[in-house]
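A closer look at the structure
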Amino acid sequence: MRLSRIIMALTVGLAVVAVPTAAGAAQPQPTPSATTDPPQPPPYPPAAASLTVNRPTIYLGETVVLTGRGFGPNETVDISVTVTPLAAPAAGQAPARRSDGTTVAMAPVAYQASAPLNFTAFTDAQGRFTRSYRPSVTGLLTFTATGRESGRTASTELRVLHKKQPLPVTGDSIGTPMKLGGGLVGAGALMLLLTLAWRRRQRFGGAAH
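Below is a short write-up of the structure. (Residues numbered from 1 in each chain as written. Predicted model: local features only at pLDDT ≥ 70, side-chain atom pairs only at ≥ 80, totals over all residues. Heavy atoms only, no water.)

Further remarks concern unusual backbone geometry. A positive phi angle, close to 55 degrees, is found at Asn74, a residue other than glycine. Here Asn74 falls in the exposed class, since its relative accessible area comes to 60%. (Buried < 20%, exposed > 50% of the residue type's maximum accessible area, 1.4 Å probe, protein only.)

Take a look at the structure:
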């Protein structure tokens, strides 16, 4: 009888101890990520791309080098070219002068293969590229580069002028020197005839005396 009471008392005690433990286990525990993970910093803005030319102004037939920076690594960059005519007359364009004093502008006649208005370049691991370009037209050229994967874009401008030309020779330009030369030849012939006539008079006049 005493032994059974002891067993019953132990059972009741264990049950009382187990109830708070089970209640504590049933309560929701905070997730580790909500209490231990540090706050994430805001994302940095993407790097700005740039596009430059080694010379801002060239003459038709010369070559420039385009340099791009800040694009995606090892990506293809599409480059487009738009041409705007120059407002002022092209520098180095030599005028031809007519015999009446008026002038007429002469355009260059040298032939050159047409340069593409759309082409591509390829960046290295640092997102840089260089590309040579030889314009075939004059005017203000605007280059726009766009990365296919990164979507980054940049632009630059180039002024292309006519080649410096020597003074062209036209029909009117030739006519004036020829007329002047002909007049000088005629004057020289007249002077020669007068000299011969004067010598003849002097010779025969002396013989008569």
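As a further point, take the nonpolar core. Ranked by size, the top nonpolar core spans 22 residues in total, and within it Ile79, Phe129, Tyr133 and Phe143 carry the most contacts. Broken down by secondary-structure element, the contributors of at least two residues to this core are strand E1 (50–53), strand E3 (64–69), strand E4 (76–84), strand E7 (118–122), strand E8 (129–133), strand E9 (139–147) and strand E10 (153–161). Beyond its immediate sequence surroundings of up to four residues, Ile79 is in contact with Leu117, Asn118, Phe119, Ala121, Phe129, Phe143, Thr144 and Ala145. (Core = buried A, V, L, I, M, F, W, Y, C linked by side-chain atoms within 4.5 Å. Helix = DSSP H or I, 4+ residues; strand = E, 2+ residues; numbered from the N terminus. Contact = heavy atoms within 4.5 Å.)

With respect to the secondary-structure elements, Asp124 resides in the loop between E7 and E8. We classify Asp124 as partly exposed; its relative accessible area is 27%. Measuring from C-alpha to C-alpha, the distance between Asp124 and Gly72 comes to 8.5 Å, with 52 residues separating the pair along the chain. Those residues in contact with Asp124 that lie beyond four places of it in its chain are Gly72, Pro73 and Asn74.

Turning next to the sheet that holds E4. Reading across the sheet, the five strands line up as E2-E10-E9-E4-E7 and stay open at both edges, with mixed pairing between neighbours. The sheet terminates laterally at strand E2 (57–59) and E7, the two strands that pair on one side only. Each strand axis lies, on average, 30 degrees off the axis of its neighbour in the sheet, ignoring direction. Sheet topology note: the E4/E9 ladder contains eight bridges and is antiparallel. Each residue of the ladder has a partner; that of Thr84, found in E9, is Leu140. (Pairing = 2+ DSSP bridges. Axes fitted to C-alpha atoms, helices over the stretch in contact; angles between N-to-C directions.)

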